[in-house]
Amino acid sequence: MAVIIDRVMDYQTKAENNFADLGTAYYTDPILRVAQAGVMQGDGKNVRPKDKITCEEAVSMLARALSVTAGGSLTNFADNSRISSWAMANVAAFAENGYIAGRSGNRFEPKANITRAEVVKLLDNMISDYITESGTATPKGTGIVIVKASGVTLNKAKLSGTVVLGGKAGEVKATECEITGKVVKIHNSALVTSGSTSTGGSTGGSSGGSSGGGSSAPAAPSAYPLPEGQETSKSLGVFNYDMTYFVTLTAQDGADIYYEIAEGADKAAVPTTASKKFETYQYRQIEITQPTASAEGPVTKTYNVKAIAVKNGRTSSVANWNYDVTSIPHHELKVGAPKDWNGNEVPDVTLIQDYDSDKMYLVQGTDRAMVLDAGYFDADDAANLYETARKIVGEGKPIDLIIGHPHPDHVQMTHQFLCAENKALGAKVYVNERGIEVLRDYVKQFGVSSKMFADEAAASEAYDAQLETLKNGDVYDMGGTKFNVIELPGHQVAGIMLFDTATGNLFTTDQIGNNRAHITDSFWMQFANLSPTFFADSMDVYLSSLQIALERVDSLGTIKRILTGHNDVVLDGTASYLDILQTAVQKVVDEGTDAMTPTLRTLDSINGYLENTKTVVVGDRLKNINWVGINVNLQNYLSDGYRNGNEDKIADLSNLSVHKQGKKGNLL
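First, a word on what this report is: a plain description of the structure on this page. (Residues numbered from 1 in each chain as written. Predicted model: local features only at pLDDT ≥ 70, side-chain atom pairs only at ≥ 80, totals over all residues. Heavy atoms only, no water.)

### What to know about the pairing of strand β3 (residues 144-147)
Remember that side chains alternate between the two faces of the sheet whenever the strand is regular. Note the threshold: Buried, partly exposed and exposed residues are distinguished by accessible area as a fraction of the type maximum, computed with a 1.4 Å probe on protein chains only: under 20%, between the cut-offs, and over 50%, respectively. Numbering goes from the N terminus for both helices and strands, where a helix is a DSSP run of H or I of at least four residues and a strand is a run of E of at least two. A strand pair is defined by DSSP finding two or more bridges across the two strands.
Residue alternation in β3 divides its side chains into two sets, I144 and I146 and V145 and V147, and both sets are buried. Bridging between strand β1 (residues 127-131) and β3 involves four bridges; their strand directions are parallel. Following the sheet pairing, I131 is matched in β3 by V147. Sheet topology note: the β3/strand β6 (residues 163-165) ladder contains three bridges and is parallel.

### Observations regarding empty space enclosed by the protein
Using the following cut-off: A cavity here means a set of points on a 1 Å grid, drawn over the protein atoms and nothing else, where a 1.4 Å probe fits but cannot get out; a pocket is an open set with protein on both sides within 12 Å along at least five of seven lines, and a residue lines either one if it has an atom within 4 Å of a point. Grid points are joined across faces, edges and corners, and a volume is the space filled by probe spheres set on the points. Nonpolar residues are Ala, Val, Leu, Ile, Met, Phe, Trp, Tyr, Cys and Pro. Charged residues are Asp, Glu, Lys and Arg, and all others, Gly as well, are polar.
Using the criterion set out here, one finds two cavities of 30 Å³ or more in the structure. In this structure, the second largest cavity encloses a volume near 50 Å³. Surrounding the second largest cavity, P338, K339, L351, Y361, L563, T564, N567, D568, V569 and V570 form its lining. The residue makeup of the lining of the second largest cavity, split by class, is six nonpolar, two polar and two charged.

### Concerning the pattern of salt bridges
The condition that has to hold: Whenever Lys or Arg places a side-chain nitrogen within 4 Å of a carboxyl oxygen from Asp or Glu, that contact is recorded as a salt bridge.
Scanning the entire structure with this criterion turns up 29 salt bridges. Across the pair R33 and D6 runs a salt bridge, and its minimum N-O distance is 2.8 Å. On the criterion of sequence distance, the pair formed by R33 in helix α2 (residues 28-36) and D6 in helix α1 (residues 2-9) is long-range, its members being 27 residues apart. Here R33 and D6 have matching classes, each one buried. Connected through salt bridges with shared partners, the residues R48, D51 and E57 form a single ionic network.

### What to know about the sheet that holds strand β17 (residues 286-288)
Cut-off, in case you're wondering: Axes, fitted as lines to C-alpha atoms, cover a helix only where it is in contact. Angles between the N-to-C directions of the axes lie from 0 to 180 degrees.
Strands sit in the order β13-β14-β17 across an open sheet of three strands; the sheet is antiparallel. Each edge of the open sheet is held by one strand with a lone partner, namely β13 (222-224) and β17. Adjacent strand axes in the sheet meet at a mean angle of 30°, parallel and antiparallel pairs treated alike. Direction of pairing for strand β14 (residues 245-250) relative to β17: antiparallel, over a ladder of three bridges. Within β17, the position partnered with V247 by the bridge is I286.

### Here's the deal with helix α4 (residues 85-96)
In an α-helix, one full turn covers 3.6 residues, which means residues spaced three or four apart are oriented alike. To be explicit about the condition: To estimate how far a helix should extend, the number of its residues minus one is multiplied by 1.5 Å. We call two residues in contact when some of their heavy atoms are within 4.5 Å.
The first and last C-alpha atoms of α4 sit 17 Å apart over twelve residues, in line with the 16 Å expected at 1.5 Å per residue. Restricting attention to buried positions, one finds in α4 the residues A87, M88, N90, V91, A92, A93 and F94. In this fold, the buried residues of α4 make contact with α3 (55-65) and α5 (116-126). Note on α4: the residue one or two positions beyond its end, G98, has a positive phi of about 80°.

### Details of the sheet that holds strand β32 (residues 523-525)
Taken together, the four strands give an open sheet; going across it, the order is β32-β37-β36-β35, and neighbouring strands pair in mixed fashion. The open sheet has two edge strands with one neighbour each: β32 and β35 (597-598). Note: strand β36 (residues 613-618) against strand β37 (residues 628-633), six bridges, orientation antiparallel. Paired with V617 across the bridge in β37 is G629.

### Quick look at the packing of α1 against α2
Quick note on the threshold: By definition in this entry, angles of less than 35 degrees are roughly parallel, angles greater than 145 are roughly antiparallel, angles of 65 to 115 are roughly perpendicular, and the rest are oblique. Here a crossing is called left-handed whenever its near helix is offset anticlockwise from the far helix by less than a right angle, and right-handed whenever the offset is clockwise.
Across the interface, α1 lies against α2 with an axial gap of 8 Å and an inter-helix angle of 70°. Looking at the two axes, α1 sits roughly perpendicular to α2. Along this stretch, α1 crosses α2, giving a crossing that reads as left-handed. Judged by residue contacts, A2, V3, I5 and D6 of α1 engage P30, I31, R33 and V34 from α2. Of the residues belonging to the contact of α1 with α2, the class tally is six nonpolar, no polar and two charged.

### Remarks on the nonpolar core
Applicable threshold: Only buried residues count toward a nonpolar core, which is a set of Ala, Val, Leu, Ile, Met, Phe, Trp, Tyr and Cys residues joined through side-chain atoms within 4.5 Å.
If you look at the biggest cluster of nonpolar residues, it comprises 50 residues, and the most contacted ones within it are I5, Y11, L66, F94 and M126. Counting residues per element, the ones that place at least two in this core are α1, α2, α3, α4, α5 and β3. With 43 residues, the next largest nonpolar core counts I486, Y577, A595 and Y642 among its residues.

### Focus on the packing of aromatic side chains
Aromatic ring pairs are defined here through the distance separating the ring centres and the angle between the ring planes. Stated precisely, the cut-off is as follows: Aromatic contacts are taken between Phe, Tyr and Trp rings whose centres are within 6.5 Å, Trp giving its six-membered ring; a plane angle under 30 degrees counts as stacked, one over 60 as edge-to-face, and the others as tilted.
Under the defined criterion, the tally for this structure stands at 16 aromatic pairs. Taken together, a centroid distance of 6.4 Å and an interplanar angle of 15° make the contact between Y442 and F446 stacked. One end of the pair is Y442 and the other is F446, both in helix α8 (residues 436-449) and four residues apart, which spans about a single turn. Of the two residues, Y442 and F446, neither departs from the other in class, the shared state being buried. Ring pairs connect the aromatic residues Y241, Y245 and Y323, which therefore count as one cluster.

### Describing the packing of helix α10 (residues 539-556) against helix α11 (residues 577-591)
Orientation of α10 relative to α11, taken along the N-to-C sense of each, is 155°, at an axis distance of 9 Å. In this view, α10 runs roughly antiparallel relative to α11, as classed from their interaxial angle. The crossing of α10 and α11 is left-handed. Contacts between α10 and α11 involve M539, D540, Y542, L543, L546, Q547 and L550 from the former and L578, L581, Q582, V585, Q586, V588 and V589 from the latter.

### Some remarks on the pairing of β36
Relative to β36, β35 runs antiparallel, the two sharing two bridges. Residue pairing across strands places P598 opposite K614, the latter belonging to β36.

### A word on the environment of V325
Structurally, the position occupied by V325 is in strand β20 (residues 319-327). Between the C-alpha atom of V325 and that of Y241, which follows or precedes it by 84 residues, the distance is 5.3 Å. Dropping the residues within four chain positions of it, V325 is found in contact with Y241, M243, T244, Y245, I288, T289, Q290, P291, V299, T300, K301 and Y303.

### Points about the layout of surface pockets
Taken as a whole, the second largest pocket holds about 930 Å³ of empty space. If you go around the second largest pocket, you meet 30 residues; those closest to its centre are M1, M40, D51, I53 and M61. When contributions to the lining of the second largest pocket are tallied by element, the ones reaching two or more residues are α1, α3 and α5. When the residues that make up the lining of the second largest pocket are grouped by side-chain class, the tally is 16 nonpolar, six polar and eight charged.

What follows is the structure in structure tokens.
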């Protein structure tokens with residue numbers, strides 16, 4: 001492969017031969033030239049010159065050589081989960097561009113050796129024009145254009161694909177051309193334009209070439225999210241600015257970013273290269289921290305962020321943003337309607353949020369009403385979820401409480417539903433049986449601290465009087481509205497989901513994660529051994545639970561909307577989130593630590609969690625609402641015996657299904 005790429009690109013300079021396994025052969029110089037170009041990287045010691053190359057390795061080498069823009073983090077290949085994380089973006093780009101179509105059965109077979117015929121076909125798909133003679137040429141294709149000969153003039157061409165100026169091309173002229181693709185310049189090649197327009201950008205030759213764009217300053221950095229009132233990205237979910245959130249900076253053309261942050265509008269200093277450098281995996285990115293809340297009313301603080309981009313010694317203009325963040329009084333509950341990915345309200349569902357923006361949902365039937373989850377509670381500035389729900393429902397109808405899973409941010413106002421009025425109406429508190437005692441502890445703690453109950457015994461007695469359990473196969477019927485119950489342990493052992501087959505609404509709380517882009521949210525599965533309350537399943541166990549749960553949902557109906565415990569936007573149940581979630585879990589099972597990146601957010605207040613938490617990400621959180629991030633803990637990301645390079649020992653079937661042709665439902 002190195003020999004083929006070297007011949008296509010005409011690299012002119014070689015790297016030093018520091019590879020232990022590279023002797024003298026016909027391929028030695030081509031490998032060293034390709035290595036100098038950054039296309040062939042080896043493992044730092046060896047380059048495996050006699051090994052055959054796999055499909056994913058070949059794609060990645062060609063992507064680097066021909067400057068193919070990285071694609072997404074998911075493909076439609078049947079064996080998508082087998083593609084290595086380091087190759088996924090390149091394989092996705094090649095599939096999106098039509099460079100690869102896969103083998104039989106819509107399989108890419110990333111680990112299989114690529115054949116010479118497949119390489120030739122791949123190059124043929126990628127390269128639309130291959131100019132090997134001097135003179136005037138007008139490329140006609142929309143693919144990659146490669147200029148190998150010297151003395152070439154490109155005339156009246158629309159160059160939407162990448163233009164590669166080979167190492168022997170020298171000065172290439174472009175007259176009356178429209179250049180919207182990238183220009184890659186090898187060695188001393190150069191592009192001289194006359195009467196042409198160029199918007200595609202330029203990259204310097206990876207083998208001793210000049211760096212494109214060096215004559216002008218880079219563009220100023222961009223930010224996500226933008227300040228309140230400016231952020232309109234419904235595709236990522238417009239959110240309330242009343243919680244701590246994190247700002248991510250990006251720059252064009254790989255420039256370095258330097259920034260300053262200060263409290264107060266426009267108060268940050270003008271950044272220089274001596275300022276803080278923004279890193280891709282910077283923990284908590286740039287944090288916009290909530291002020292201390294007050295019972296007297298909302299408290300707002302303003303932060304100013306200024307940033308510059310620097311490349312090739314040139315500096316961009318200064319980007320300047322003023323971010324507001326608000327803390328609402330803890331006794332306030334926000335009431336409204338949940339909104340979907342298009343900004344439309346979800347009918348017949350009320351969204352209630354506590355001071356931490358934890359989501360609770362109220363749904364009514366003809367006979368009774370239901371609130372899902374019970375949020376945070378501050379006894380010194382107390383909110384009342386039950387009274388808020390009662391004002392919406394009116395008198396005379398029982399209001400049941402269902403706990404999706406008994407983590408502290410979802411249960412602390414449970415005791416309020418044990419009041420005499422609600423009990424007299426026949427209201428119940430529901431939890432999966434594995435969560436009974438955990439929830440009891442919270443009822444006792446907050447029932448007493450709120451002074452609703454005189455002591456823990458009284459709180460426990462009231463809890464028992466209204467307690468009911470929900471399990472797989474149960475149907476919770478409110479009269480006219482029914483929810484099917486699906487157990488999904490993993491994040492917490494007592495996790496359940498509620499599925500309304502009539503509306504297609506799937507209420508998941510935290511069982512399938514949350515993906516708020518503005519706080520670099522991830523599915524929190526990093527609870528290794530904190531306590532029975534917080535212990536999370538390893539990824540191989542959760543994969544099985546997830547597949548079984550989603551199969552049960554699929555047998556019941558079609559998911560149209562996904563309402564989670566923290567997301568500010570309702571996810572599209574017909575889109576790709578659930579598929580991407582399964583892909584992300586499978587990557588951990590298949591690749592272990594190779595699939596992981598540094599975490600951007602975890603339980604850093606607890607010893608051991610920051611250093612042991614890693615994240616696996618599938619999708620781009622700044623571009624795709626259906627991205628998935630999963631926090632895992634190095635202590636238990638896979639079951640004992642499978643971690644630390646032993647992933648290939650996993651032989652368990654995650655889920656076995658038998659179906660009648662064309663029918664839903666597992667017969668086993």
